[in-house]
Structures are given as C-alpha cells and as structure tokens.
Amino acid sequence: MPLTLLLPLATACGGAAGAEDSKTVTVTVGYQSKTINTVTAGTLLRSLGYFEKELAARGRKDGRTYKVKWQDYATGAPITAQMTAGKIDIGSMGDFPLLINAARGKQLRQPTRLVSVTGYNLRGGLNTVVTEPASELRSITDLRGKKVSTSIGSAADGTLIRALEQAGIDPEKDIRKLNQQPSVGASALAGGSVDALSQFVAWPGQLAYEGKAEALYDGADLNLPTFHGVTVREKFADERTGVVDDFLRAQRRATDHLRARPVAAAESVAAETGLPAEVVYLYNGAHGIATFDPALRPELIAALKKDVPILRDAELIGDVDVDAFVDPEPLRRAVPAPPYEKATAARPELWLRGRSDTRAFDSPKALLKAARGADVRAAYVPDALTGTLWFADRSVWVADGPELRAFITPDHARTYVERHAGARVVSYADALRRAS
C-alpha cells in the first residue's frame, strides 16, 4: 500500500498480462497475501480455486484454455506499477492505494476501474498506531517530536495524518515520519529506532498478539470508513468482460465461504501466509474488525472522495474523478444477489483450543467468566468506545462497579474513567478474578 511506484517496471511478472495465443488466455492477478483484508480476492480465493473453476466452465463453452497467474506483493504500490505496465490485469489494495492506482492509470494511459470491495470497517478500525510495550506514550498527542514509521501513500498513513491533525499536530513539521515497508517498520519499532508505527491490517494485531506492541491510537476514532477493493485494467475489462465477471462471481463465493466458515477460513489463510490464525480471526472472524462484502456501498465511495485531498496535499496524486473510477456495472451484472447486511456491533468472542468454532457472549464480563480456567486459544472483546475488536489479554480493562469494560488504548480507558466516577483501570488478571 505505500507509494513506491518508481520501482523498475521490469521487476515483475514475466510477460504481458492477459497474454494469449489462439486458444490459451492467461489472466494475471496481483494480490497481497498478508494484507488479510483482501483474502476474498487473493489468498483465500486462490486456495479455494473458485476463479479457476469459473474459468474452466467458460473454457468448456468457448473452447479456450484459461490460466491464472497469481502474483503476491507486500503492498499495493507495486501492483499498480505492474498494472500501468500492462502486466497485471486484476489487483486488490486499500483505499488510498486505489486512488493512486486511478491517478497513475490515467496518467500513464492505462486507466483502471474499481469494481468491488473485499473488506471494510465503517469507522476506520482497520488501521492502528502502535508503540513498543514499555513506551511511555499514552495518546496521539504524545507523538509530537517523535519518530513514526508508516508507509507513505497507504491507508495507515492517511489515518496517521488525520489523527495528528485532529490533535493539533502538523504531520509534516511536528513529527519525523519515516517511509518504511510494514516489516521494516515493525523491526524498527522492536529495535527502538522509532517511537511508533502506524500500519494497516494485519500488522498491528500481529505485533500486539506477539507481545511486541501496544495500541496507541485506534483508527476507529476517526469514524470514517476504510476498505480494500478490486481494481481492473480498463482495456482488459473491455476485452475480457466475461473473465472479469468470472472473477467477481468467484470473489462472492469466497466471501460466502468466509462468512459461513470463519474459523476454517482463518486457519486456511494462516496456513498460506504464516500469520497466526488468531490474528487472522481478529480481523476476518465472525465479529472481526473487517466486514467482507463485495458491494460498492455509497458510504465507502463517499469516504474515498474524502481521501483525495489527503493524497493531493501530499503531492502523491492530482485530482481524481472518483465517480469515473468506480464502475458498479460488472458486479451488478455478474453477481445479481443482493449485498449482505451492514456490519453489526461486535460481540465478545471466545476460541478454545481444539474447537473448530467460537462462542459469542453478551458482555465482556461473561466472556471473562467463561475464559477463566479454560484452555483458551484466543479471546476477543470490542472496545467500549469504538467497538473495534481486540485481544482480551492485550486490552486495557476498567472496573466500573460490577461491570467490566475493555479498551484498545490507554487513552480510551482514561476517557471512560474520567467520565464515570468510581471507575478505575485494572489488570487483565484482576479483571478475570472480578468476572468470577
């Protein structure tokens, strides 16, 4: 997702996308295996083989052989570079990189179209700013004068910029921003060469799960939708309309699978990526931070338009005609089924070892009571202010009379305590004892 668009265009894919002879058509798909908010158009879709099955059915009708070439990248920017070079036909990436994809495609006369969404969060909870566990930083305002790693041009960078501006901090002058790949930034945080890391799914959750980071800022505080989506080269979409339809049908099938079997899907993605299944489930589970639905919802497109000034001010793009970039017709044509219902409030959820399902609870206290003494694989609780799901043992807990509430960040917990007389922060171990 960061802007590294000046990479040599020859790095890639070994031949033109959409390549064909008289009877063979090769479709090249760029995806991000570890950006797990895109799995229904990438990692999970590839493992299920649904796209290949759709193309095989097409081949039986028209006498051609269709092949899929999957190209895995760490971020969205190189996917855009290869699309504008005509070497990738279909790609998936986050909302900020999608705008760069639109701008670069138009600039280089390889226009692209946004044809579907993979996963979204209506409040922006997919992006998080984290610090090392021993950090004395307690809120976004503490970043003034600090070194912060992010991937410039990514949705996480956009979250950082907006959060700093809301706090009265100039993101260009009042912090030292380092443009780093997510893995490099994670290493920099662990090594103490940066004070904080602003990144996209699944990096914050992974670092928190491994005990290498604590959340400082929840992107959901912005209350602005963020999402990932699927973009296609316009020329390819016009020449291979049926193939684009096949991809969207396959994506919907993968989405159905993930929603019907979230634990199995998380295990599958974990096996393909090396990510802990518990982290995958935090984002992609039944009550996960991401909601999967291909529909191009109006609120998502409206949020995309609000992203344009951020990237324009950073001189990463000029003006982008979002309405011209978004093309709802392929999804409407290929997937006549109605969109899923909007995301509902997350519920506390418990995953026990040896189980292929999870159990949801009506309150954090009920979750803790069930977790105490159990063989817990992972326990998840929504933040009491924003609703963003987080690991129970990595959350900040507050006792308020007989009630127990969880928060992602110390700032959220402090806000709640200040508003509720008698409430106080307690340890996770104390919260477990109180629940019982």
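Residues numbered from 1 in each chain as written. Predicted model: local features only at pLDDT ≥ 70, side-chain atom pairs only at ≥ 80, totals over all residues. Heavy atoms only, no water.

S.K.: Whenever I open this one, the packing of helix α5 (residues 155-166) against helix α12 (residues 298-313) confuses me. Can you help?
M.R.: If you want to describe how two helices pack, look at the angle between their axes and the distance between the axes. Following both chains from N to C, one finds α5 and α12 inclined at 80 degrees, their axes separated by 11 Å at the closest point. By the criterion of interaxial angle, the relationship of α5 to α12 is roughly perpendicular. On the side of α5, the interface is formed by G158, I161 and R162, while α12 contributes K306, D307 and I310. Of the residues assigned to the contact of α5 with α12, the class counts are two nonpolar, one polar and three charged. (Axes fitted to C-alpha atoms, helices over the stretch in contact; angles between N-to-C directions. Helix = DSSP H or I, 4+ residues; strand = E, 2+ residues; numbered from the N terminus. Parallel < 35°, antiparallel > 145°, perpendicular 65-115°, else oblique. Contact = heavy atoms within 4.5 Å. Nonpolar A, V, L, I, M, F, W, Y, C, P; charged D, E, K, R; others polar.)

S.K.: I'm lost on helix α10 (residues 262-273) in this one. Help?
M.R.: Owing to its 3.6 residues per turn, the α-helix aligns residues three or four sequence positions apart on the same side. Its 12 residues give α10 an end-to-end C-alpha distance of 16 Å, which sits within 8% of 16 Å, the value for a rise of 1.5 Å per residue. All buried positions along α10 are accounted for by P262, V263, A265, A266, V269, A270 and T273. The arc that holds the buried residues of α10, viewed along the axis, is 160 degrees, so those residues lie on one side. Facing away from the buried side of α10 by more than 90 degrees, the exposed set consists of A271 and E272. (Expected span 1.5 Å × (residues − 1). Buried < 20%, exposed > 50% of the residue type's maximum accessible area, 1.4 Å probe, protein only. Arc of directions from axis to C-beta.)

S.K.: Sorry, what's going on with the domain arrangement of the protein here?
M.R.: Note: interface size is frequently given as the accessible area lost on complex formation between the parts. For the protein, the assigned domains are domain 1 (24-122 + 226-334), domain 2 (127-222) and domain 3 (349-435). Look at where the C-alpha atoms of domain 2 and domain 3 centre, and you get two points 24 Å apart. The partner domain 3 presents 11 residues to the 14 residues of domain 2 that form the contact. Between domain 2 and domain 3 the total buried area reaches about 1100 Å² when both faces are included, carbon and sulfur atoms providing 60% of it. Broken down residue by residue, the surface that domain 2 buries against domain 3 is led by R138, A215 and D218, which jointly contribute 42%. Here domain 2 is connected to domain 3 by five residue pairs in polar contact (both at pLDDT 80 or more). (Domains from an automatic or database assignment. Buried area = accessible area lost by both parts, 1.4 Å probe. Polar contact = N/O pair within 3.5 Å; in protein donor to acceptor, adjacent residues only side chain to side chain.)

S.K.: Sorry if this is basic, but what is going on with the UniProt feature "domain: SsuA/THI5-like" (unreviewed entry) in the protein here?
M.R.: The feature "domain: SsuA/THI5-like" (unreviewed entry), as annotated in UniProt, sits at residues 79-265 in this numbering. End C-alpha atoms of residues 79-265 are separated by 24 Å, and the span's content is 42% helix alongside 25% strand. (UniProt positions renumbered as here; feature names shortened; annotations may be inferred.)

S.K.: Hey, could you run me through the pairing of strand β10 (residues 226-233) in this one?
M.R.: Every regular strand shows the same layout, with side chains that alternate between the two sheet faces. With eight of eight residues buried, β10 lies mostly within the body of the structure. Here β10 shows no split at all, with T226, H228, V230 and V232 on one side and F227, G229, T231 and R233 on the other all buried. Pairing of strand β3 (residues 90-94) with β10 involves five bridges; the strand directions are antiparallel. Within the sheet, the bridge partner assigned to G91 lies in β10 and is T231. (Pairing = 2+ DSSP bridges.)

S.K.: Quick question: what am I supposed to make of the pattern of salt bridges here?
M.R.: Close approach of charged atoms allows side chains with opposite charge to pair. Per the stated rule, a full pass over the model turns up 27 salt bridges. If you follow the salt bridges from partner to partner, you end up with E54, R58, D246, R249 and R253 in one network. (Salt bridge = Lys/Arg side-chain N within 4 Å of Asp/Glu carboxyl O.)

S.K.: Before we go on, may I ask you to explain the environment of L300 in this structure?
M.R.: By the secondary structure assignment, L300 is in helix α12. The class of L300 is buried, set by a relative accessible area of 0%. Taking the C-alpha atoms as reference points, L300 and Q180, 120 residues apart in sequence, are found 27 Å from one another. Ignoring any residue separated from it by four or fewer positions in sequence, one finds L300 in contact with V117, Y120, L122, P225, F227 and A295.

S.K.: Hey, could you run me through the environment of R58 in this one?
M.R.: Tracing the sequence through the fold places R58 in helix α2 (residues 50-62). Given the relative accessible area of 24%, R58 is considered partly exposed. If we skip the residues at most four places from it in the chain, R58 touches Y66, G242, V243, D246 and R249. Polar contacts involving the side chain of R58 include one to the main-chain carbonyl oxygen of G242, which spans 3.1 Å.

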